[in-house]
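For reference, the chains in residue letters:
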Amino acid sequence: MRIFTSKELIEQEKPYRTNFINSLSGFKSLQLLGTKNQDGVTNLAVFNSTFHVGANPPYLGLVVRPDGPEHDTLKNILGQEHYTLNNVKEAFYQQAHQTSARYVSGESEFKACDFEEEYIAGFPVPFVKESSIQIGLKLKEVIPVKANGTTIVIGEIVLIRLDEKYLLDDGMVNLEAAGSITVAGLDSYHRTQKIGRLAYAKPGIEPKKL
């Protein structure tokens, strides 16, 4: 096995290094993030940086990377303080990928990438109608990361819509049944296949399948 040093990583060509480091940590949560600006123009962007923060209160975090002025996601979140996360299914993963293109500021990726906006229960920001798991969030905290200029956004879940057939008896969401797919790196999309669930781990007790 080869050892890569930090010096070697820095010396690599940017596209190679970007693919290498982005795929290194494994498969990631894949979401379409919906926002709207103060003028009512919607925005949609694919994200692979969503992470669990807590269940009580129910918080999700995501990392927003520094980018050009044409990317409106963070600006819209700060302006409206609401945003949506919508799962990506195999049927429209290519459209989801296309939302990462550098459309000019003020051009809605919903329209450009052929997604339908859907509003739920007065929530001020659109969901993706094609998604089977839709999450509405309210902004709670913004954390600038000085090390590399990224921003961590923490949101509180205030609305969830999904078919109850995707919920197991203990509250676990059946992501395979919901059709959610995942991503490695920036552009390698994958189906999922469950191997098994294990009982809560305790010292001295062998792992037990549920």
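The coordinates are above.
Here the residue numbers are simple positions, counted from 1 along each chain's written sequence. Under the rules for a predicted model, residues below a pLDDT of 70 receive no local features and side-chain atom pairs below 80 are neither given nor counted, while totals for whole chains, interfaces and linings still include all residues. Only hydrogens and water are set aside when side-chain values are computed; all heavy atoms of the structure are taken into account.

A. Representation of the overall build of the protein in the model. Within the protein, the regular secondary structure consists of six helices and 12 strands. Looking at the 210 residues of the protein, the share that counts as buried comes to 38%. Within the protein, residue pairs in contact and separated by at least 24 positions form 58% of the contacts whose partners lie at least 6 positions apart. We count a stretch as a helix when DSSP gives it H or I for four or more residues in a row; a strand needs E for two or more, and each element gets its number in order from the N terminus. Only protein chains enter the accessibility calculation, which uses a 1.4 Å probe; a residue is then buried when its area is under 20% of its type maximum, exposed when over 50%, and partly exposed in between. Residues are treated as being in contact if the distance between any of their heavy atoms lies within 4.5 Å.

B. Just the sheet that holds strand 11 (residues 182-184), in detail. Pairing between strands is defined by DSSP: at least two bridges between them are needed. The strand order across the open sheet formed by three strands is 1-11-12, and the pairing between neighbours is antiparallel. This sheet does not close on itself; its edge strands, each paired only once, are strand 1 (27-28) and strand 12 (188-190). Sheet topology note: the strand 1/strand 11 ladder contains two bridges and is antiparallel. Along strand 11, the bridge assignment pairs Phe 27 with Ala 184.

C. Highlighting the side chain of Thr 50. Summarising the element assignment, Thr 50 is placed in the loop between strand 3 (42-47) and strand 4 (51-55). Of the residues examined, Thr 50 reaches a relative accessible area of 15% and is grouped as buried. Other than its neighbours up to four places away in sequence, Thr 50 contacts Ser 29, Gln 31, Gly 61, Leu 62 and Leu 85.

D. Seen up close, the layout of surface pockets. The distinction between a cavity and a pocket rests on a 1 Å grid over the protein atoms alone: a 1.4 Å probe fits inside a cavity but cannot get out, while a pocket stays open yet meets protein on both sides within 12 Å along at least five of seven lines, and a residue with an atom within 4 Å of a point counts as lining. Grid points are joined across faces, edges and corners, and a volume is the space filled by probe spheres set on the points. Taken as a whole, the largest pocket encloses approximately 1100 Å³ of empty space. At the level of secondary structure, the elements contributing two or more residues to the lining of the largest pocket comprise helix 2 (14-24), strand 3, strand 5 (58-64) and helix 3 (73-80). Here the element with the most residues in the lining of the largest pocket is strand 3; it accounts for five residues. Under the convention adopted here, Pro, Cys and the residues Ala, Val, Leu, Ile, Met, Phe, Trp and Tyr are nonpolar, Asp, Glu, Lys and Arg are charged, and Gly plus all remaining residues are polar. Classifying every residue of the lining of the largest pocket gives 16 nonpolar, 17 polar and nine charged. Approximately 670 Å³ is the volume attributed to the second largest pocket. Ser 29, Gln 31, Leu 60, Ile 135 and Leu 175 are, among the 28 residues lining the second largest pocket, the residues nearest its centre. In terms of residue count, strand 4 provides more of the lining of the second largest pocket than any other element does, four residues in total.

E. Expanded view of the pattern of salt bridges. Salt-bridge detection follows one rule: a side-chain nitrogen of Lys or Arg within 4 Å of a carboxyl oxygen of Asp or Glu. Applying the stated criterion across every chain, the model contains nine salt bridges. Where Glu 81 meets Lys 138, a salt bridge forms, and the shortest distance between an N and an O atom there is 3.8 Å. Residue Glu 81 is found in the loop between helix 3 and strand 6 (82-87), and its partner Lys 138 is found in strand 9 (residues 133-144); the two are separated by 57 residues along the sequence. Across the salt bridge formed by Arg 197 and Asp 170, the nearest N and O atoms sit 2.9 Å from each other. One end of the pair, Arg 197, is in the segment after strand 12; the other, Asp 170, is in the loop between strand 10 (151-162) and helix 6 (175-178), with 27 residues separating them in the sequence.

Take it as geometry only, folks, not as evidence of what the structure does.
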